[in-house]
Amino acid sequence: MLTVPAYAATSATEPLTPTTVERRDVGPHDVLIEIEYVGICHSDIHNVRSEWGPASYPVVPGHEIAGVVAQVGSEVTRYAVGDRVGVGCMVNSCRECAPCLRGEEQYCLKGNTLTYGSIDKDGTLTQGGYSTHIVVDDDFVVRIPGALALDEAAPLLCAGITTYSPLRRWGAGPGKKVAVVGLGGVGHMAVKIAHALGAQVTVLSQSLKKKDDGLRLGADHYVATSAPATFEQLVGAFDLIVNTASARVDLDSYLRLLKPGGVLINVGAPPESLSLDVFSLVMHGHICAGSLIGGIGETQEMLDFCGEHGIGAEVEIIPAAKINEAFERMIASDVRYRFVIDTSTLV
C-alpha cells in the first residue's frame with residue numbers, strides 16, 4: 001500500500017491537521033492519480049463537522065480532485081500515465097440497479113460509494129482529495145480537457161456538475177429565463193453554465209455587493225432579494241430557478257417567481273429542514289425539485305462542454321496550511337468563488 005500525506009478532521013470540533021493515509025495497491029481496473037489541486041466544497045465543512053449526520057473520524061475530505069495519472073492497472077485501457085484526469089463525489093456504485101444502468105450512479109439504489117466517508121469495496125473507509133494521491137476504479141475517473149487549467153477544473157467535479165445537470169435536465173437554453181439564488185462557489189458556476197447554454201440569467205442575491213462580478217460572469221440581471229419590492233416585481237418571471245443556497249430560504253416566496261409550470265431546483269442543502277405551502281405548487285403547476293450532482297457520463301459531458309466554452313471556476317489557490325482559515329472564510333462568504341488547495345504544499 002502507498003502511504004501519502006493528507007489533511008484530516010479528527011472530530012467535529014477540532015481543526016483539520018496534517019496526517020498520512022494509506023492508498024490501496026493498484027488493482028487491474030484502478031488508476032493511481034497524483035493530485036495537483038482539490039477544491040474546498042461547503043459540503044466538506046458540513047461533513048467534517050457532522051452537520052449532515054455523524055461522521056466517521058478521522059476523515060480526509062475533498063471531492064473536487066484534479067491531477068495526473070501516475071499508474072494504471074493491467075486491465076485499464078482508457079487512461080495512460082500522464083493523462084489529465086479528475087474525480088468527483090463518487091468512486092463506486094452497485095452498477096446493477098436501474099439508476100446505475102441508465103448512467104445515474106449518483107442515485108444508486110444501494111447507495112453509491114462517496115469519495116470520502118464511505119465504506120469502499122475493500123471494506124475500508126474512503127478518504128478524499130486533501131492528499132497527494134488517490135486510487136480510484138477507472139469507471140469513476142473522468143478526463144479533463146486540455147483547454148481547462150487543472151486548478152480551475154477541480155471545482156467543476158462538484159460545483160460544475162451540480163449546476164450543469166439540472167440546467168440540462170430542465171431545458172435551460174435560448175428563450176428561457178433562469179434565476180440563480182446565491183452567487184457563491186456553486187452559484188457562480190450556475191451563472192456561467194446557464195449563460196453558455198444560451199439562457200437569460202438573473203442572479204437573486206441578498207445584496208448587490210457582487211453585482212459587478214455577476215454581470216462579468218454572464219448574468220443579464222442582478223437583483224437584491226433584500227429589497228422590499230423584489231418579490232413583487234418578479235412574480236411569474238422565470239422558467240427555472242436554481243437555488244444554490246446552503247442556508248434557510250423561503251421556498252414559497254421563490255416559487256411565486258416562476259411562470260406557470262416553472263421549476264425550482266434545490267441544489268443547496270442546509271442542515272435544517274425547509275417547508276412550503278402546497279398551494280405554492282398547485283395554483284400554478286409549479287414544481288419544487290432537487291438535484292444531486294450527475295452521473296459519470298454526464299460529468300464527462302459537462303467537462304467537455306466547459307472545455308469547449310472556456311468555462312472554469314473562479315478560484316483562490318491556497319496552501320494546505322490555510323485549510324482551516326479557508327473553512328472559516330467560506331462560512332463568512334469571504335471567497336470569490338472557490339478555494340482550491342495546491343496539494344504540492346502537503347509535502
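Residues numbered from 1 in each chain as written. Predicted model: local features only at pLDDT ≥ 70, side-chain atom pairs only at ≥ 80, totals over all residues. Heavy atoms only, no water.

A. Inspection of the overall build of the protein at higher detail. Helices and strands together make up the secondary structure of the protein, namely 11 helices and 17 strands. Compactness check: the protein gives a C-alpha radius of gyration of 20 Å against a globular reference of 20 Å for 347 residues, within 12% of the reference. Considering only C-alpha atoms, the protein reaches an extent of 60 × 40 × 35 Å along its principal axes. Residue burial in the protein is summarised as follows: out of 347 residues, 54% are buried. Approximately 14400 Å² of the protein is accessible, and the part contributed by carbon and sulfur atoms is 52%. Taking the 26 positively charged and 40 negatively charged side chains of the protein as two groups, their mean positions are separated by 6 Å. (Helix = DSSP H or I, 4+ residues; strand = E, 2+ residues; numbered from the N terminus. Rg over C-alpha atoms; globule rule 2.2 N^0.38 Å. Buried < 20%, exposed > 50% of the residue type's maximum accessible area, 1.4 Å probe, protein only. Areas by Shrake-Rupley, 256 points an atom, 1.4 Å probe, with all protein chains shown as cover. Lys, Arg positive; Asp, Glu negative; His and termini not counted. Charge placed at Lys NZ, Arg CZ, Asp CG, Glu CD.)

B. Representation of the packing of aromatic side chains in the model. For the structure on display, the rule yields two aromatic pairs. An angle of 50° between the planes, with centres 5.6 Å apart, marks the rings of tyrosine 164 and phenylalanine 305 as tilted. Note that tyrosine 164 is positioned in helix α4 (residues 159-169) and phenylalanine 305 in helix α10 (residues 296-309), a separation of 141 residues in sequence. Exposure remark for phenylalanine 305: the relative accessible area of 11% places this residue in the buried category. (Phe/Tyr/Trp six-rings, centres within 6.5 Å; stacked < 30°, edge-to-face > 60°.)

C. Spatial organisation of the sheet that holds strand β15 (residues 287-290). Strand order in the open sheet formed by six strands is β12-β11-β10-β13-β14-β15, and the pairing between neighbours is parallel. The open sheet has two free edges, formed respectively by β12 (221-224) and β15, since each of these has just one partner strand. If you compare each strand with its neighbour and ignore which way they point, the axes differ by 20° on average. Sheet topology note: the strand β11 (residues 200-205)/β12 ladder contains four bridges and is parallel. For leucine 204, the partnering residue across the bridge sits in β12 and is valine 223. (Pairing = 2+ DSSP bridges. Axes fitted to C-alpha atoms, helices over the stretch in contact; angles between N-to-C directions.)

D. Broad picture of α4. Across the 11 residues of α4, nine count as buried, placing the element largely inside the fold. Of all the positions in α4, only Ala159, Gly160, Ile161, Thr162, Thr163, Tyr164, Ser165, Pro166 and Leu167 are classed as buried. Where α4 is buried, its residues touch β10 (177-181), α5 (187-197), β13 (238-243), β14 (258-266), α10 and β17 (338-342). Count one or two residues on from α4 and you reach glycine 171, which has phi positive near 75°. (Contact = heavy atoms within 4.5 Å.)

E. Broad picture of the environment of cysteine 41. Examined against the element boundaries, cysteine 41 turns out to sit in the loop between β3 (30-39) and α1 (42-48). With 114 residues separating them along the chain, cysteine 41 and proline 155 place their C-alpha atoms 7.9 Å apart.

F. Region of the structure containing the environment of glutamate 51. As for its placement among the helices and strands, glutamate 51 is situated in the loop between α1 and β4 (65-72). With 220 residues separating them along the chain, glutamate 51 and proline 271 place their C-alpha atoms 6.1 Å apart. Within the structure, the side chain of glutamate 51 is placed 2.6 Å from the side chain of histidine 46, a separation counted as a polar contact. (Polar contact = N/O pair within 3.5 Å; in protein donor to acceptor, adjacent residues only side chain to side chain.)

Keep in mind that these numbers describe shape and distance, not what the molecule does.
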